[in-house]
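What follows is each chain in one-letter form.
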Amino acid sequence: MASQQSFPEDDFSIYYVLAECRDHYDPCPVNETEENQPHFLGVTGLRNLGNTCYMNAILQCLCSISPLVEYFLSGKYINALEKDCSEVATAFAYVMTDMWLGDSDCVSPEIFRSALGNIYPVFMKKTQQDAQEFLIYVLNALHEALKKYHQRKSYEKRSIPRCCRKMIANESSIITRLFEGQLSYSIVCLKCENCTYKNEVFTVISLPIPSEYECSLQDCLQCFFQQDTLTWNNQIHCSFCETKQETAVRATISKAPKTIVFHLKRFDILGTMKRKLRTDIHYPLTNLDLTPYICPIFRQHPKYNLCAVVNHFGDLDSGHYTAFSKNSVTQAW
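The following paragraphs examine the structure supplied in this document. Computed from a predicted structure; not experimentally measured.

Calculation criteria
- Residues numbered from 1 in each chain as written.
- Predicted model: local features only at pLDDT ≥ 70, side-chain atom pairs only at ≥ 80, totals over all residues.
- Heavy atoms only, no water.
- Helix = DSSP H or I, 4+ residues; strand = E, 2+ residues; numbered from the N terminus.
- Buried < 20%, exposed > 50% of the residue type's maximum accessible area, 1.4 Å probe, protein only.
- Contact = heavy atoms within 4.5 Å.
- Areas by Shrake-Rupley, 256 points an atom, 1.4 Å probe, with all protein chains shown as cover.
- Pairing = 2+ DSSP bridges.
- Salt bridge = Lys/Arg side-chain N within 4 Å of Asp/Glu carboxyl O.
- Core = buried A, V, L, I, M, F, W, Y, C linked by side-chain atoms within 4.5 Å.
- Axes fitted to C-alpha atoms, helices over the stretch in contact; angles between N-to-C directions.

1. With respect to the overall build of the protein chain
- The number of helices and strands found in the protein chain is 9 helices and 23 strands.
- Taken across its 333 residues, the protein chain has 44% of its residues classed as buried.
- Of all intrachain contacts in the protein chain linking residues separated by at least 6 positions in sequence, the fraction that spans at least 24 positions is 69%.
- As displayed, the protein chain has an accessible area near 17,400 Å², and 50% of this comes from carbon and sulfur atoms.

2. Comments concerning the pairing of strand β8 (residues 181-189)
- Counting buried residues in β8 gives 8 out of 9 residues, a clear majority hidden from the surface.
- Two strands pair when backbone bridges link them, and β8 and strand β9 (residues 195-202) are joined in this way by 8 bridges, in the antiparallel orientation. Bridge pairing in β9 links Ile187 to Thr196.
- Linkage of β8 to β9, two consecutive antiparallel strands, is achieved through a turn of 5 residues, within which Glu193 is found at a positive phi near 65°.
- Where β8 and strand β15 (residues 247-255) come together, 8 bridges link them in antiparallel fashion. Paired with Leu183 across the bridge in β15 is Ile253.

3. Digging into the pattern of salt bridges
- Applying the stated criterion across every chain yields a total of 5 salt bridges.
- Here Lys147 and Glu144 are joined by a salt bridge, their closest N and O atoms 2.7 Å apart.
- Accessibility expressed as a relative area gives 26% for Glu144, which makes it partly exposed.
- Where Asp268 meets Arg275, a salt bridge forms, and the shortest distance between an N and an O atom there is 3.1 Å.
- What makes Asp268 partly exposed here is its relative accessible area of 25%.
- Under the relative-accessibility criterion, Arg275 is labelled partly exposed at 27%.
- Because the salt bridges share partners, they merge into one network encompassing Glu144, Lys147 and Glu171.

4. Here we look at the nonpolar core
- Leu62, Leu68, Phe72, Phe92 and Phe112 are the most contacted members of the largest nonpolar core, which totals 53 residues.
- Beyond its immediate sequence surroundings of up to four residues, Leu68 is in contact with Leu62, Phe92, Met96, Ile174, Ile175 and Leu178.
- Counting 31 residues, the second-largest nonpolar core is a separate cluster that includes Cys215, Leu230, Phe262 and Ile281.

5. Considering the sheet that holds strand β12 (residues 228-230)
- Here 4 strands make up an open sheet; going across it, the order is β9-β8-β15-β12 and the pairing antiparallel. Two strands close off the open sheet at either side, each with one partner strand: β9 and β12. Across the sheet, the mean angle separating the axes of adjacent strands is 30° when strand polarity is ignored.
- Sheet strands in contact with helix α9 (residues 217-225) are β8 and β15, and its direction is about 125° off that of β15.

Take a look at the structure:
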């Protein structure tokens, strides 16, 4: 049986191989004891530039994913750079190089923050931001800088059931190869029983939390992938009935990404009140099995090992982000 572990107030989890996160508001202090300790590859702190714990937690995770590390440290990214968008990717490579090849216990991500801020000015403000949103913006900026165009191959659709067909992207990058997956929604009209399918690309899956007290990640997954009935104002237009009808909707994973990111929806709206769910979420450290939620034709990678968790402490108005992660060299948390 896989071991279970819970971290308080999870914001989202990344499943792959990551490194330890250190995030301090003040410049990193160094004492005599720390000076005599060996410096492990990838175990490097990031200076807080003023309410940038959300950024540091995400960077620690991204800068520790093994294939992403290899891609940037080997210089492969240089050949893929788009001139108009190269600043963010180059700055990200600098951060990664400092963390993996430098000899400092703590480095500053200021250059990366400035580069990303030129595209998304909100991250230049010294105010707390949402870690999940920051992750999505970073992945998008890196993809735009490193994307290559490919022609669609229509023959790839042959002999594949419509519900399980993958969307063949025009653009690909190291980001899409590592993080991009696809959900397939089956939509059944409850009047005429006509079934249609809708495909949706994702890099993050936002999971509901079905309990206020305690539950497992599998409980969250089952809640997300269970059939949902859309009624009243949520009815969907049926092309056969030519009017809005009640429908049954169920999602499956038609393409499982190599690195899957889950966002746990802790902020809940109850009537006119907003609240934060403080449910303890339990999940396996190894062999998270997604087989029940993946289209049977595409079950090559149904299991994942936990590599990092970003936590949010606080409430709706204020808080602090930290991260737990696994070092790919020492295998220690």
